[in-house]
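Each chain, written out:
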Amino acid sequence: MANLKPAQIAEVKGKGFLINRGTENFSGRIVPRGTVFSPDDLKTVSEISSKFGNGKVIPTTRLGLEIQGISYENVQDAIDYAESHGLKFGGTGNKIRPITSCKGTTCVYGNYDTHALAAKLYDEYYIGWADIKLPHKFKIGIGGCPNSCVKPALNDFGIEGHRIPKYNSEACKGCKVCMIEKSCPSKAAKLVDGKMVIDENVCKTCGVCSESKCPFKAVKPHNEVVYQIYVGGTWGKKSRMGTPLSKFVSEDEIAPILEKTMIWFKLNANQKERLGVAIDRLGVEKFEKDVLENDELLEKKDILFE
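Overview of the structure.

**Focus on the sheet that holds strand β8 (residues 157-162)**
Strand order in the open sheet made by the 5 strands is β6-β7-β8-β11-β12, with mixed pairing throughout. Each having just a single partner strand, β6 (100-101) and β12 (243-244) make up the two edges of the open sheet. Where strand β11 (residues 226-231) meets β12, 2 bridges bridge the pair, whose relative direction is antiparallel. When the sheet's bridge partners are listed, V231 is paired in β12 with T243. Against the sheet, helix α4 (residues 114-127) makes contact with β6, β7 (140-143) and β8, and its axis sits at roughly 160° relative to β7, the strand it touches most.

Written out as structure tokens, the structure reads:
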């Protein structure tokens, strides 16, 4: 690595290129909009790998594609080629990292279109706030249901879709084989004295029972989604399960809470301190009060762009 200076390595790292160990080549990360690549996108990635890399493409844990073996001299050409085909390299630095999501409504358990939400947040924050410097990295994970396949609770800001059962006990006929009880994956629904009851302490509000399982509509079918927000999650050498906010929120509330979370992070965290560490140091109660109750926090948005 005699020919490359540390400043050159740092320069391209800021553009999404990481040095390949023991070489003077880099791996560049292509970040998908809404966590989805089109056939044309995949063709472009293949072309970049062939033209500028060593022919290897590795999927990343944040659903990007890492093109290996790009020389320092070819970095800008790879960036230009990607951008001419609507793709962007990125995914490094003390800022919003690539947004991840599960497959949403193509999954039988998905409660909402996670890709649409991921694309919206990608445009507004990953791209729109790309130059904002935070105390540390900030990861956003979007899950379609409490199965939590994409691990939203292990992100700095996790979003998880839920559907709360709409139960009318008067409509329950006390069937000997209760379809709600039979279908409930959490075993929260049980027949008790000839009536089905739902134990709210066990129910995961996964939405499975809201899909017309009961022939008498004791639990009404519906697609009304609420969202559990997790904050401060991390994984790795220092793990922390994300703190669930104390209430479900609507889709319209997600963006304001996300913005206030990042403002709070900028105002309260020490440099190189993850959000979860700052929350533990200052208290969950303070964080919730500031983010859920203090709309004045949004008036300090300019601090993010300083």
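Having put the structure on the table, let's press on.
**A word on helix α6 (residues 251-268)**
Spanning 18 residues, α6 covers 26 Å between terminal C-alpha atoms, matching the ideal 26 Å at 1.5 Å per step. All buried positions along α6 are accounted for by I254, I257, L258, E259, K260, T261, M262, I263, W264 and F265. Among the structural elements, α4, β7, β8, β11, α7 (275-282) and α8 (284-293) are those in contact with the buried residues of α6.

**A word on the pattern of salt bridges**
In total, this model carries 13 salt bridges according to the counting rule given. Between K213 and E211 there is a salt bridge; the shortest N-O distance is 3.5 Å. Judged by its relative accessible area of 26%, K213 is partly exposed. Put simply, R163, E211 and K213 are held in one network by salt bridges that share partners.

**Here we look at the pairing of strand β10 (residues 195-198)**
Examined bridge by bridge, strand β9 (residues 189-192) and β10 share 4 bridges and lie antiparallel to one another. Bridge pairing in β10 links L191 to M196. As consecutive antiparallel partners, β9 and β10 are separated by 2 residues, and within that stretch D193 has a phi angle of approximately 50°, a positive value.

**Examining the layout of surface pockets**
In this model, the largest pocket occupies a volume close to 460 Å³. Lining the largest pocket we find 25 residues, and of these R29, G91, T92, G93 and R97 sit closest to its centre. For the lining of the largest pocket, the secondary structure elements donating two or more residues are α1 (6-13), β2 (25-31) and β3 (57-59). Across the lining of the largest pocket, the residue classes break down as 5 nonpolar, 10 polar and 10 charged. When its volume is computed, the second largest pocket comes out at roughly 350 Å³. Looking at the lining of the second largest pocket, the elements that each hand over two or more residues are α3 (75-84), β5 (88-89) and α4. Top contributing element to the lining of the second largest pocket by residue count: α3, with 3 residues. A breakdown of the residues in the lining of the second largest pocket according to their chemical character gives 7 nonpolar, 6 polar and 5 charged.

Analysis parameters
Residues numbered from 1 in each chain as written. Predicted model: local features only at pLDDT ≥ 70, side-chain atom pairs only at ≥ 80, totals over all residues. Heavy atoms only, no water. Pairing = 2+ DSSP bridges. Helix = DSSP H or I, 4+ residues; strand = E, 2+ residues; numbered from the N terminus. Contact = heavy atoms within 4.5 Å. Axes fitted to C-alpha atoms, helices over the stretch in contact; angles between N-to-C directions. Expected span 1.5 Å × (residues − 1). Buried < 20%, exposed > 50% of the residue type's maximum accessible area, 1.4 Å probe, protein only. Salt bridge = Lys/Arg side-chain N within 4 Å of Asp/Glu carboxyl O. 1 Å grid on protein atoms, 1.4 Å probe; cavity = no way out; pocket = protein on both sides within 12 Å on 5 of 7 lines; lining within 4 Å. Points joined across faces, edges and corners; volume = space filled by probe spheres on them. Nonpolar A, V, L, I, M, F, W, Y, C, P; charged D, E, K, R; others polar.

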